[in-house]
2 protein chains.
Amino acid sequence: MSHYDDPFRGNFDSLEEFADHISELLQCPITIEDANHRLIAYSAHDDYTDPARTATIISRRVPEKVINSLWKQGAIPALLRSREPVRVAAISEVGLGSRVAVSIWKNDEVIGFIWALETDRTLSKEDMELLKKAAKAAKNKVLQLYMRKNKKEERVQELFWKLLTGHMTTEEEIKESFATMQIPAAPLFSVIVFRFATEITREIEKQISYLLQTTQQIQLLLYTTDRNDVILLAAPKSMNQPLKELHMFIESFALKMKERFHINSVQSGFGSIYETYTSIEKSYQEALTVLKMKEKFPEQICSIYGYQQLGIYQFFDLLLKKKRQGEFINPSLTKLQAYDQKHHSDLVKTFEVFFDHDSNVNETAKALNIHPNTLSYRLKRIAEIAEMDLHDMNQKVKLYIDIKLAKYEALH
Amino acid sequence: MSHYDDPFRGNFDSLEEFADHISELLQCPITIEDANHRLIAYSAHDDYTDPARTATIISRRVPEKVINSLWKQGAIPALLRSREPVRVAAISEVGLGSRVAVSIWKNDEVIGFIWALETDRTLSKEDMELLKKAAKAAKNKVLQLYMRKNKKEERVQELFWKLLTGHMTTEEEIKESFATMQIPAAPLFSVIVFRFATEITREIEKQISYLLQTTQQIQLLLYTTDRNDVILLAAPKSMNQPLKELHMFIESFALKMKERFHINSVQSGFGSIYETYTSIEKSYQEALTVLKMKEKFPEQICSIYGYQQLGIYQFFDLLLKKKRQGEFINPSLTKLQAYDQKHHSDLVKTFEVFFDHDSNVNETAKALNIHPNTLSYRLKRIAEIAEMDLHDMNQKVKLYIDIKLAKYEALH
DNA sequence: ATTAACTTTGTGGAAATCCACAAAAGGATG
DNA sequence: CATCCTTTTGTGGATTTCCACAAAGTTAAT
């Protein structure tokens, strides 16, 4: 192994050439990634690479399950902390062989990683030093890439805001813009909004961006921030159960924000899934509506993210307006409330919970901490007092809506 | 018994005096009623009267069950057909002893009845002739009563229309008017509208009026007609289950219109039950809304009469407006419809009926003429295709409303 | 014609619901 | 504080629902 002062003094046309050079020096496969684990360059002519590396090269990004493992196992946190090379033991579950990695730094920020796969040989202390120097040498090359990307990024941001605010009206125009900016086309998509407790700082944004760029649960088409909100244009991967995918993505995003960055209390919402780009504005508005309703009904709809799943809450604003005009007075509800007041009972709540639990006696009883027979007694009472037939769905739905609406109104 | 040419030639100050006179001639208790079986006059000094007569005198009207019996038994139809006296056999179930009756005519119209109770003696042929003459002699006296009543009636009509159109705004003012017109006060009331298939002729109105005046299921405060509609201000008799009372009254009214006058297809609706007179206009509008919705959803809500029972249909106009603006597109419904179209299935209908039957598998299966397992299979399918959780009431309600709303929209 | 995918109907047993009745507890009223 | 009314909880058994599996029938496409 050569021990010049700086083996990377020369000029390299491309990062590929650079990777090959390190590979030759260390006699092992080399991979260079950006801060978001996207593949930037990799050495060729390698006899053996492990499945993780193969997958990375083919999809041009590190598979998400590999990233997750590296987080759990501590390698990535270590690389983000220190400029020293780190040895990573093999993780056979995700097809990852033993390797050494070093982070590439610009000032106080990690802008990439170099990975050296220990296939035939284990790297010595000197080799590790060499890798560290390689990381320093790679800095400028990687930066250049970033610069180019950032300029493009700005144009893309502008486009996204135009779409969100409905300033592009024809499908054709939008499609063209997508093509020129090399944003992939998707048959279905939705706008997702993550709302944080505080305004999004540059620091947090980096972490969010990292999570978004590395996720492979959904396809991220566009992404921007706005005060406390992170706004994404996301495409589900399958046509069958797009809602489920978005749901799972959001839950795992929240979980990772919590686990990795200790950021709790992220509220999330997404609009309907559309096929036409001109509906992006609508999807965005719907996502905002979801967040608004979640604020009003924190417990009721805490596990709802999609506008579709909002169900009846979709038209609560509309109903509230009418209610304020004196419409929709529900004498059944009034009677129940009066009864509750007088007898310190809980009939309204009982009905609400019962309905929320799909008229399931056992579940409702558990939720209310009462005996199932008590519940059935109360229901009989409700039918009498409210003068309603508890098998008539129409009436039940109306009462349910009126109860929720009353709550909504109370919250202003 | 005297056989002058006309034993009623003399002048009688009042109908009471007249009744006493007949009573003396025939040696039996006499009751005079108007066409609606309200008591006009009765003879005093009678040793024995049957329970039916006692009740009639005390409540100043013939009890409804007695009227019903007389209809069924054929006495009233006979009296309305012919000017001859009719003998009515005792009907012990309603406490009615044997009696003879004759109708009082003005031109081609019956304006009242005279009843002679056969307590001690059975009336002879001659007695019957006498009774017929008495009926002729009573005509003018009864007519005078009508005239006076009609003038009052006109002022009352005017008041009612003012109330229905919201032209009296203070509770005080209305209460005063009620008092001066001797309309009884009621703690609760609602506006009922009966809508007939054709415009209401004088003939039909008489029959309707007859039914309304003779009912004792509810208290009739005011009453008028408007093209095809009969409009009532009605007060339920009990505070406990006013809705039920109104419901039963409407059903029995429709039944009687059918049985007695062969008028089918009466649509009925009533507004919410209010306590303040200023809400009469609202109750009227609500009753009209019920009729409007019944027109759109004939099968769904054929057994609904009350605005309260309208349930979710109360705000369909509002939702439709928004829907027309492109809001509330329900992708779940869209998918189900697409599937139905493609596979000639019936998922939307299945869900609708299932929901309408309070999620009862057996009932729904019967209603759809399918095996219960088929239903449960379809439901599983619906959950998959629509990407929804069939235990989530919120989503179910939304889908249900959207299905009904789509139907409503289709009907313009 | 032959798949393959989807739909309907049947069967049986575990689980749950429903209902009537009864006992006990709690609260308001005089 | 005795009493009445309402509410809660318990018990047991008839009925219904739920679910998994199997078989047979339908439909659309190769």
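Shown above is the structure to which this text applies.
Heads up: these notes are all about the structure in this document. (Residues numbered from 1 in each chain as written. Chains lettered and ligands numbered in written order. Predicted model: local features only at pLDDT ≥ 70, side-chain atom pairs only at ≥ 80, totals over all residues. Heavy atoms only, no water.)

### A word on the relation of the copies chain B and chain A
Structural alignment of chain B on chain A gives an RMSD of 0.1 Å, achieved by rotating through 180 degrees and translating 0.0 Å along the axis. With respect to symmetry, the two chain copies, as superposed, fit the operation of a two-fold axis. When each C-alpha of chain B is compared by its distance to the rotation axis, Val397 of chain B comes out closest, at 3.6 Å. Most of the interface of chain B is mirrored in chain A, where 95% of its interface residues again form contacts. (Least-squares fit on C-alpha atoms with pLDDT ≥ 70 in both. Contact = heavy atoms within 4.5 Å.)

### Points about the side chain of Thr364 of chain A
Residues and elements named next belong to chain A. By the element assignment, Thr364 lies in helix H13 (residues 361-368). Residue Thr364 is classed as buried on the basis of its relative accessible area, which comes to 0%. When near neighbours in sequence (up to four residues on either side) are disregarded, Thr364 contacts Thr350, Val353, Phe354, His357 and Leu375. (Helix = DSSP H or I, 4+ residues; strand = E, 2+ residues; numbered from the N terminus. Buried < 20%, exposed > 50% of the residue type's maximum accessible area, 1.4 Å probe, protein only.)

### As for the sheet that holds strand S9 (residues 267-270) of chain A
Residues and elements named next belong to chain A. Ordered by their spatial adjacency, 4 strands build an open sheet running S7-S8-S6-S9, and the pairing between neighbours is antiparallel. Strand pairing shows two members of the sheet lacking a second neighbour, strand S7 (218-226) and S9, which therefore form its edges. Here the average twist between neighbouring strands, direction ignored, is 20 degrees. In terms of strand pairing, S7 meets strand S8 (residues 229-236) through 8 bridges, oriented antiparallel. When the sheet's bridge partners are listed, Thr225 is paired in S8 with Val230. Contacting strand S6 (190-195), S7 and S8, helix H7 (residues 202-214) crosses the sheet at an angle of about 165 degrees to S7. (Pairing = 2+ DSSP bridges. Axes fitted to C-alpha atoms, helices over the stretch in contact; angles between N-to-C directions.)

### Re the pairing of strand S1 (residues 30-34) of chain B
All names here are of chain B. Counted residue by residue, S1 has 5 buried out of 5 residues, so it is predominantly covered. Here 5 bridges tie S1 to strand S5 (residues 109-117), and the two strands are oriented antiparallel to one another. Looking at S5, one finds that Ile30 is bridged to Ala116. Sheet topology note: the S1/strand S2 (residues 39-42) ladder contains 3 bridges and is antiparallel. Counterpart to Glu33 in the pairing with S2 is Leu39. Count of turn residues in the S1/S2 antiparallel hairpin: 4 residues, of which His37 carries a positive phi of about 65 degrees.

### As for the protein's contact with DNA strand D
Close to DNA strand D lie 13 residues; Tyr339, Tyr377, Arg378 and Arg381 of chain A together with Asn362 of chain B are nearest. Among the atoms of DNA strand D close to the protein, meaning within 4 Å, 63% are from sugar or phosphate groups. Thr374 of chain A has a polar side-chain atom sitting 2.8 Å from a phosphate oxygen of DNA strand D. In this structure, Arg378 of chain A approaches DNA strand D through a side-chain N or O atom, which is 2.8 Å from a phosphate oxygen. Sorting elements by how many residues they give to the surface near DNA strand D places helix H14 (residues 372-385) of chain A first, with 5 residues. A class-by-class count of the residues in the surface near DNA strand D yields 4 nonpolar, 7 polar and 2 charged. (Near = heavy atom within 4 Å. Polar contact = N/O pair within 3.5 Å; in protein donor to acceptor, adjacent residues only side chain to side chain. Nonpolar A, V, L, I, M, F, W, Y, C, P; charged D, E, K, R; others polar.)

### Observations concerning the pattern of salt bridges
Residue and element names in this part refer to chain A. All told, the structure shown has 38 salt bridges over all chains when counted by the stated rule. The residue Glu387 makes a salt bridge to Lys335 at a minimum N-O spacing of 3.5 Å. Remark: Lys335 occurs in helix H11 (residues 331-343) and Glu387 occurs in the loop between H14 and helix H15 (393-410); sequence separation between them is 52 residues. The exposure class assigned to Lys335 is partly exposed, which follows from its relative accessible area of 31%. Residues Lys404 and Asp356 are paired through a salt bridge, measuring 2.9 Å at the closest nitrogen-oxygen approach. Taken as a pair, Lys404 in helix H15 and Asp356 in helix H12 (residues 347-356) lie far apart in primary sequence, 48 residues in all. (Salt bridge = Lys/Arg side-chain N within 4 Å of Asp/Glu carboxyl O.)

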